[in-house]
Amino acid sequence: MSVDTPVKSPAAQTSSASARTAPPVPLRRRLGRTGVRALVAVLLVVEIYPLVWMFLTSLKSNSDYLDHSTWSLPTHWMWSNYSEAWTTGHIGRYVQNSLLAVLPSLALVLLLGAAAGFALQVMVWKGRNLTLLVFLAGIMVPAQMILLPLFTVYFRTGLSGTLWPLILTYTGTGLPLTVFMMATYYKSLPTEVFEAATIDGASILRSFWSISLPMIRNAVLTVGLVQFFFLWNDLLVALTFTDNQDLRTVQVGLLNFSGDFGSTQYGPLFAAICINVLGTLVVYLFLNQKVMKGLTGGAVKG
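Within each chain, residue numbers correspond to sequence positions counted from 1 in written order. Restriction of local features to residues with pLDDT of at least 70 applies here, the model being predicted, together with a cutoff of 80 or more for giving and counting side-chain atom pairs; totals for whole chains, interfaces and linings are based on all residues. Hydrogens and water molecules were not included; the side-chain quantities draw on all heavy atoms of the structure.

A.B. asks: Help me understand the overall build of the chain, please; the structure alone is not making it clear to me.
C.D. replies: Helix and strand assignments come from DSSP, with helices taken as H or I runs of at least 4 residues and strands as E runs of at least 2, each series counted from the N terminus. From N to C terminus, the chain includes 16 helices and zero strands. Using a 1.4 Å probe on the protein chains alone, a residue whose accessible area is under 20% of its type maximum counts as buried, one over 50% counts as exposed, and one in between counts as partly exposed. Each of the 302 residues in the chain was classed as buried or not, and the buried ones make up 32%. Counted over contacts in the chain with a minimum sequence separation of 6, partners at least 24 positions apart contribute 72%. For accessible areas, the Shrake-Rupley method is used with a probe of radius 1.4 Å. Any residue's cover is judged against the shown protein chains and nothing else. Of the roughly 18,500 Å² of accessible surface on the chain, 68% is carried by carbon and sulfur atoms. In this description, contact between two residues means that some pair of their heavy atoms is separated by no more than 4.5 Å.

Right, dumping it as structure tokens:
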């Protein structure tokens, strides 16, 4: 009695032979992969663990935080710390003030920066290179040098006691970097598109609004996100121009959080910090892919 032996196809025989003769992965490469994985794991722990610790601390009572180890879990989960931070700590009002100061400034910075970048790279006129250098010089001016003159100007013009000093200062300080980045992105666009639009009778305004802006929308989102984090996390300018409690931004509010309670209430304090961090984290996660495209948009000239 004979048993038929299955005959392998030539492709299967070649695959089996290749598997038997495949050289082993060198030890150096395996160690390199292991090292990369270990480094990524360490970076994840370093980045994520403080956020987890901050969240757990925001759910502790004051006695729980002071009497137990700072690394221990909450004995009682105090979810009321978030409502206390929002109402008693006035974080809701501070977040509203930050939005009222940051969003108009961000809109002005992006609109004026995109228009200036378009004028400096797409339009041809005498002196545009010198003008770009002037904008670059604005990046080198420290904010501490302009605060006292600006405070005097705002006080004499009657703008003190409002959010206008923040809006105007944020717009002025954010424009140099925005103009430089926008000019870089415009430089990567093919000039033939704008030449064809001009031949077809498109005006400068139409070329800017209907042609150039859709082409650099990812770049606008990238620059907008960078500027949003700069403005949202600002403390120096907001602390200088907001002498009224009703006008405090969220960063100034966190700085004076213990004063509002008389003594430091660690649970509500960390809850307020979590609210601030969560908002910016959601914005970044929502625009993450657009930002990645925008970061590489100006790297290669089309």
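So, next bit.
A.B. asks: When you look at the UniProt feature "transmembrane region" (unreviewed entry) in the chain in this model, what are you seeing that I'm missing?
C.D. replies: UniProt positions are given in the numbering used here, feature names are shortened, and annotations may be inferred rather than shown by experiment. Per the UniProt record, the feature "transmembrane region" (unreviewed entry) sits at residues 38–56, 99–120, 132–155, 167–186, 207–232 and 266–287. Measuring from the first to the last C-alpha atom of residues 99–120 gives 31 Å, for a span that is 100% helix and 0% strand. In residues 207–232, helix accounts for 96% and strand for 0%; the two terminal C-alpha atoms are 32 Å from one another.

A.B. asks: Mind showing me how you'd approach the pattern of salt bridges here?
C.D. replies: Side-chain pairs of opposite charge can arise whenever the charged atoms involved come near each other. Here, a salt bridge means any side-chain nitrogen of Lys or Arg that lies within 4 Å of a carboxyl oxygen of Asp or Glu. Tallied over the entire structure, the rule returns one salt bridge. The partner of arginine 93 in a salt bridge is aspartate 246, with the nearest N and O atoms 3.0 Å apart. Here aspartate 246 lies in the loop between α12 (236–241) and α13 (250–255) and arginine 93 lies in helix α5 (residues 91–121), a separation of 153 residues in the sequence. The partly exposed category is assigned to aspartate 246, whose relative accessible area is 44%.

A.B. asks: How should the side chain of aspartate 234 be read in this particular structure?
C.D. replies: One can find aspartate 234 in the loop between α11 (217–232) and α12. One buried charged residue, aspartate 234, remains without a salt bridge, the closest side chain of opposite sign being arginine 248 at 13 Å. Polar contact is defined as a pair of N or O atoms within 3.5 Å, subject to the rule that within protein one atom must be able to donate a hydrogen and the other to accept it, and that residues adjacent in sequence are counted only when both atoms are side-chain atoms. At 3.0 Å, the side chain of aspartate 234 forms a polar contact with the backbone nitrogen of alanine 238. Setting aside residues up to four positions removed in sequence, aspartate 234 forms contacts with Tyr170 and Gln251. His residues and chain termini do not enter the charge count, which takes Lys and Arg as positive and Asp and Glu as negative.

A.B. asks: Where do I start with the nonpolar core in this structure?
C.D. replies: Where a protein is soluble and globular, its nonpolar side chains tend to be buried together. Formed by 46 residues in total, the largest nonpolar core has its most connected members in Ile91, Leu166, Tyr170, Tyr186 and Ile216. Of all the elements, α5 adds the most residues to this core, at nine residues. Discounting chain neighbours no more than four positions away, the residues touching tyrosine 186 are Ala114, Gly117, Phe118, Gln121, Val122, Phe208, Ser212, Leu213 and Ile216. Side-chain atoms within 4.5 Å link the members of a nonpolar core, which is a set of buried Ala, Val, Leu, Ile, Met, Phe, Trp, Tyr and Cys residues. The next biggest cluster of nonpolar side chains, apart from the first, holds six residues, and it includes Leu120, Leu132, Leu175 and Val179.

A.B. asks: Teacher, can you tell me more about the packing of aromatic side chains here?
C.D. replies: Aromatic ring pairs are described here by two measures, namely the spacing of the ring centres and the angle between the planes. Two rings from Phe, Tyr or Trp (for Trp, the six-membered ring) form a pair when their centres sit within 6.5 Å of each other. Planes less than 30 degrees apart are called stacked, planes more than 60 degrees apart edge-to-face, and all others tilted. Counted under the stated rule, the structure contains twelve aromatic pairs. With a centroid separation of 5.9 Å and an interplanar angle of 75°, the aromatic rings of phenylalanine 118 and phenylalanine 194 are classed as edge-to-face. Linking phenylalanine 118 in helix α5 with phenylalanine 194 in helix α9 (residues 191–199), this pair joins segments that are 76 residues apart in sequence. Side by side, phenylalanine 118 and phenylalanine 194 carry an identical accessibility label, which is buried. Ring pairing ties together the aromatic residues Phe118, Tyr186, Phe194, Phe208 and Trp209, which thus form one cluster.

A.B. asks: Would you mind going over the packing of helix α6 (residues 128–139) against helix α8 (residues 164–187) with me for this structure?
C.D. replies: If you want to describe how two helices pack, look at the angle between their axes and the distance between the axes. Working convention: axes come from line fits to C-alpha atoms, limited for helices to the stretch in contact. Angles between N-to-C directions cover 0 to 180 degrees. The contact between α6 and α8 brings their axes to 8 Å, and the two run at 135°. Taken together, the axes of α6 and α8 lie oblique to each other. Relative to α8, α6 is oriented so that their crossing is left-handed. Here α6 contributes Leu132, Phe135, Leu136, Gly138 and Ile139 to the contact with α8, which in turn contributes Pro176, Leu177, Val179, Phe180 and Ala183. Should an angle lie under 35 degrees it is considered roughly parallel, over 145 roughly antiparallel, and from 65 to 115 roughly perpendicular; all remaining angles are considered oblique. The hand of a helix crossing depends on one turn: near helix anticlockwise from the far one by less than a right angle means left-handed, and clockwise means right-handed.

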